[in-house]
Structure formats: structure tokens, C-alpha cells
Amino acid sequence: MQNEELPYAVKRSETGLGLFATRAIAKGERLIEYIGLLVANEDLQASNGKYFFGIDDEWSIDGSSRRNVARYINHSCRPTADAKLSGRRIWLWARKKLKAGEKITFNYGPEYFDQVIKPKGCRCEKCH
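Overview of the structure. (Residues numbered from 1 in each chain as written. Predicted model: local features only at pLDDT ≥ 70, side-chain atom pairs only at ≥ 80, totals over all residues. Heavy atoms only, no water.)

1. So, the sheet that holds strand S4 (residues 37-40)
By definition, the strands of a sheet pair up through backbone hydrogen bonds, in either a parallel or an antiparallel sense.
Right, on to step 1. The strand order across the open sheet formed by 3 strands is S4-S6-S5, and the pairing between neighbours is antiparallel. Edge positions in the sheet fall to S4 and strand S5 (52-54), since each of these pairs with one other strand and no more. Strand after strand, the sheet turns through a mean of 35 degrees between neighbouring axes, direction not considered.
Right, on to step 2. As paired elements, S5 and strand S6 (residues 59-62) share 3 bridges and run antiparallel to each other. Bridged to Phe 53 within S6 is Ile 61. (Pairing = 2+ DSSP bridges. Helix = DSSP H or I, 4+ residues; strand = E, 2+ residues; numbered from the N terminus. Axes fitted to C-alpha atoms, helices over the stretch in contact; angles between N-to-C directions.)

2. A closer look at the sheet that holds strand S2 (residues 16-21)
Right, on to step 1. Read across the sheet, 4 strands follow the order S1-S2-S10-S7 without closing on themselves; strand pairing throughout is mixed. Among the strands making up the open sheet, the edge pair consists of strand S1 (8-13) and strand S7 (74-75).
Right, on to step 2. One ladder, built from 2 bridges, connects S2 with strand S10 (residues 103-106); its direction is antiparallel. By the bridge assignment for S10, Leu 19 is matched with Ile 104.

3. Details of the nonpolar core
Right, on to step 1. Ile 25, Leu 31, Ile 32, Tyr 34, Ile 73, Leu 92 and Ile 104 are the most contacted members of the largest nonpolar core, which has 19 residues in total.
Right, on to step 2. Every element with two or more residues in this core is listed here: S2, strand S3 (30-34), strand S9 (89-94) and S10.
Right, on to step 3. Apart from residues lying up to four places away in sequence, Ile 73 is in contact with Leu 19, Ile 32, Leu 92, Ile 104, Thr 105, Phe 106 and Tyr 108. (Core = buried A, V, L, I, M, F, W, Y, C linked by side-chain atoms within 4.5 Å. Buried < 20%, exposed > 50% of the residue type's maximum accessible area, 1.4 Å probe, protein only. Contact = heavy atoms within 4.5 Å.)

4. Description of the side chain of His 75
Right, on to step 1. You can see His 75 is positioned in strand S7.
Right, on to step 2. A relative accessible area of 10% means that His 75 is categorised as buried.
Right, on to step 3. A distance of 3.1 Å separates a polar atom in the side chain of His 75 from the backbone nitrogen of Tyr 108. (Polar contact = N/O pair within 3.5 Å; in protein donor to acceptor, adjacent residues only side chain to side chain.)

5. Some points on the packing of aromatic side chains
Right, on to step 1. Within the structure shown, the criterion is met by 4 aromatic pairs.
Right, on to step 2. Summarising the aromatic geometry, the rings of Phe 53 and Phe 106 are spaced 5.6 Å apart at their centres and angled 25 degrees between planes, so their arrangement reads as stacked. A residue pair is termed long-range when its members are at least 10 positions apart, and Phe 53 in strand S5 and Phe 106 in strand S10 qualify at 53 residues. The same class applies to Phe 53 as to Phe 106, namely buried.
Right, on to step 3. Ring centres 5.0 Å apart and planes at 50 degrees place the aromatic pair Phe 106 and Tyr 108 in the tilted group.
Right, on to step 4. Judged by its relative accessible area of 7%, Phe 106 is buried.
Right, on to step 5. Given a relative accessible area of 26%, Tyr 108 falls into the partly exposed group.
Right, on to step 6. One aromatic cluster in this structure is built from Tyr 34, Phe 53, Phe 106, Tyr 108 and Tyr 112.
Right, on to step 7. Sitting over the face of the ring of Tyr 51, Arg 71 holds its NZ or CZ atom 4.3 Å from the ring centroid. (Phe/Tyr/Trp six-rings, centres within 6.5 Å; stacked < 30°, edge-to-face > 60°. Lys NZ or Arg CZ within 6 Å of the ring centre and 35° of its normal.)

6. So, the layout of surface pockets
Right, on to step 1. Roughly 1600 Å³ of volume is contained in the largest pocket.
Right, on to step 2. Around the largest pocket sit 46 residues that line it, and Lys 50, Tyr 108, Tyr 112, Val 116 and Ile 117 are the ones nearest its centre.
Right, on to step 3. Looking at the lining of the largest pocket, the elements with two or more residues in it are S2, S5, S7, S10 and helix H1 (110-120).
Right, on to step 4. By residue number, the principal contributor to the lining of the largest pocket is H1, which donates 7 residues.
Right, on to step 5. Tallied by class, the residues present in the lining of the largest pocket amount to 18 nonpolar, 17 polar and 11 charged. (1 Å grid on protein atoms, 1.4 Å probe; cavity = no way out; pocket = protein on both sides within 12 Å on 5 of 7 lines; lining within 4 Å. Points joined across faces, edges and corners; volume = space filled by probe spheres on them. Nonpolar A, V, L, I, M, F, W, Y, C, P; charged D, E, K, R; others polar.)

Below is the structure:
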């Protein structure tokens, strides 16, 4: 069995590290899973981590591990990917056709935007 090249790579971006397409990606293609430990939301208050991805009112995924390559996907107000929940798993799917070298982004949502991004100013391509 031959290893297929991953459709993404971590590279430097204007906001730090980001995830970029390494080849053309079709609209609707599944890209990557957001992985990490399952954490009770009540325990998030004690943490100052920034890689938590909410699943529901009770649980979130702590994506801070460097094994979680999806953590490098930056926020955008005009995202190129969508996050979709499947049980307690989060998958990112191409929202549009992507070209090789194009940045993979998703919208972090209104709560994260208002609490973390807005006070510092949004630096996504649409807003910057």
C-alpha cells in the first residue's frame, strides 16, 4: 500500500503558523479531524488553553497536542473550510475548491470571536 500525500501542510502565515493545501482540493472533500482529549466544559474555566473546540454544552476537545495538526487552521470571517460534528468527533471539510498553496481556514464562531479575536482585532484576509 502506497502512502498518499497529505492534502495539507503546516507553514508560516501572516498570523503565525497556518495550514495550507498542498494540492488542489475539491469542494466538499474531508480534510482533517480535530483531535485531542475530551474535556468537561466545567473544567475549561480553570484552563487558559486556546485550542478547545466545543462539542456540546457538556464537552469540548482539547486540541493543544502538537499531534493535532488541525489546530493550525486559522480563523477567517470568510472561511475555506467548515467544521462538522459527527458524534464526539470534529471533521473539517472544504467549503470551496482550494488551489495548491491556498490557506485552509474556518470561522471559530461568535463566542470565540467576541472574547478572543475582537479585542485584539481580526487579522483574517477579509478583515485585515
